Amino acid sequence: MDTIITRFPPSPTGYLHVGGARTALFNWLYARKNGGKFVLRIEDTDTERSTQASVDAILESLEWLGIDWDEGPYFQTERFDLYKEYIRKLLDSDKAYYCTCTPDEIDVMREEAKVKGLKPKYNGRCRERGLKESENSVIRFKAPLAGTTVINDVIKKNIVFQNTELDDFIIERSDKTPTYNLAVVVDDVTMNINTIIRGDDHVNNTPKQIMLYNALGEKLPVFGHVPMVLGKDKSRLSKRHGAMSVTEYRDMGYLPDAMLNYLVRLGWSFGDEEFFTREDLKEKFNLENIGRSPSVFDTDKLLAINGEHIRATKVKTLSEFMKPGLKEKGFEPDEAHLEKIVKTLSERSRTIHELVDGSLFYLEDELTYCEKGSKKNMKQNVVEGIQTLIEDFEALEDYTQDKIEEIFKGVLEKTGLKFGKLGPAVRIALTGKTNSPGIYEVVEVLGKETTIARLKAGLDFIEARYKED
Ligand code: GLU
């Protein structure tokens, strides 16, 4: 079998949105799964709307997702000579012609077709006129006048178009630039692309492209049109359904692997499996399991899957992801300490932001106590317990979680306090919060010195509170 060669050809008219990222992912995975090649091509022929900032944003998003390309990025604006060459071939073989009909004339033709109950279209007036190039001339493709054009779609199965419904579409505009359909076919042919997976918003372009392949005598690639991604209300996904750009998810603390996992499930399934690592996907992905109905983008599900990936990711990797966020808040903890912190948090965090926020109490010099929690729990009845804890921790040589737990239980016994009383007070003193990782873990990770200092500060807080009353 030929090497599978796929491509991703974004138009740089904005950021990479989740729908586009899913298309890139499907093509990339299919190439990776089959030991093939993945080509990146920037379709920047719309010079009014294309920007360098969009190119940069797209590349940055792909890099963040870890979608790497084997060739490119190619830029269509650098390939105009090639498109001209192919247009010339079509003209020379009488498969294309110059047309000088004005937009007004074409409007009339479209109206006439409508009156006859046909699809509005160009009527082929210049088809046999043998016109030469002129200032406002365009070049049209001589489309077949009868018969059908069929997309053998790997996802949607056969889609049949009546050729009478299609017109002699333009392949070169009056400003002498190629149209999308022409440029795409020339690129896909010359880049040896043999598998094209794209959004089904392109279904209507595909018969025109198939006609061009046939006219050029080129072998057709495999086509697959993926149903759109919808918002929760089943309308086409847009800004009002939440963040659309891939980098926004990065900035909200999502992991690239979780994003890949979530994106692939928008339209592809593998039994009832929900969790996939990058390596799983490179092994399991196939075109047969791409579904035929639209999928719904659900940010709650994305959040849940991100949590699962956080739990499955090495603490070392997680701490790397956390470093920029921590630095922004003024913390640069040493590697070993940060990894210990992360270990206590990864089970309970769904995003990198939650990890960063959750780690702050370990790193801050001074805690601000939760008001409600401290009122409820920091009372005189825990003073003796905290004092005894301080004494016993001070004497503890082997400062490990097991020993810490032993000491804690010993203090409960000696003082007759219930865990339900001493625990929450110690938690407030050590973390400022009513909700945190397990106390013994926290005591261990904080280290003896900080634990004791915080317990003492807790006692001071209780003392001050009762002085005021
Ligand atoms: N540049 C087109 C787009 O961004 C891609 C067309 C294609 O996949 O053929 O929609």
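Structural data are supplied above this passage.
In every chain, residue numbers begin from 1 and rise along the written sequence. Reporting of local features is limited, given that this is a predicted model, to residues whose pLDDT is at least 70; pairs of side-chain atoms are given and counted only at 80 or more, and all residues count toward the totals for whole chains, interfaces and linings. The side-chain numbers reported here are obtained from all heavy atoms of the structure, hydrogens and water having been left aside.

Q: Sorry if this is basic, but what is going on with the pattern of salt bridges here?
A: Pairing between side chains of opposite charge can happen when the charged atoms of each approach one another. Salt bridge, as used here: a side-chain nitrogen of Lys or Arg that lies within 4 Å of a carboxyl oxygen of Asp or Glu. Applying the stated criterion to the full structure yields 38 salt bridges. When the shortest N-O distance is used, the salt bridge between arginine 240 and aspartate 233 registers 3.2 Å. The residue glutamate 248 makes a salt bridge to lysine 239 at a minimum N-O spacing of 3.4 Å. Buried, partly exposed and exposed residues are distinguished by accessible area as a fraction of the type maximum, computed with a 1.4 Å probe on protein chains only: under 20%, between the cut-offs, and over 50%, respectively. The class for glutamate 248 is partly exposed, based on a relative accessible area of 30%. What emerges from the salt-bridge pattern is a single network uniting Arg7, Arg41, Glu43, Arg79, Asp187 and Asp188.

Q: Quick question: what am I supposed to make of the side chain of arginine 79 here?
A: Looking at the secondary structure, you find arginine 79 in the loop between strand E3 (71-75) and helix H3 (80-92). The class of arginine 79 is buried, set by a relative accessible area of 16%. Setting aside residues no more than four positions away along its own chain, arginine 79 makes contact with Tyr74, Asp187, Thr190 and Met191. To qualify as a helix, a DSSP run of H or I must reach at least 4 residues; to qualify as a strand, a run of E must reach at least 2; elements of each kind are numbered from the N terminus. A contact between two residues is defined here by any heavy atoms of the two lying within 4.5 Å.

Q: Looking at this model, I keep getting lost on the packing of helix H11 (residues 315-328) against helix H12 (residues 335-345). Mind explaining?
A: Describing two packed helices takes the angle between their axes plus the distance from one axis to the other. It is at 9 Å that the axes of H11 and H12 come closest, and there the two elements cross at 105°. Compared by their axis directions, H11 and H12 come out roughly perpendicular. The residues of H12 that touch H11, namely those facing Val315, Lys316, Leu318, Ser319, Glu320, Met322, Lys323 and Leu326, are Glu335, Leu338, Glu339, Val342 and Lys343. To get an axis, fit a line to the C-alpha atoms, keeping to the stretch in contact for a helix; angles then go from 0 to 180 degrees between the N-to-C directions. Throughout, the term roughly parallel applies to angles under 35 degrees, roughly antiparallel to angles over 145, roughly perpendicular to angles from 65 to 115, and oblique to all others.

Q: In this structure, what is going on with the environment of aspartate 2? I would like to understand it.
A: With respect to the helices and strands, aspartate 2 occurs in the segment before strand E1 (5-8). For aspartate 2, a relative accessible area of 55% corresponds to the exposed category. Expressed as a C-alpha distance, the spacing of aspartate 2 and aspartate 365, which sit 363 residues apart in the sequence, is 62 Å. Beyond its immediate stretch of four places on either side in the chain, aspartate 2 contacts Asn194 and Lys219.

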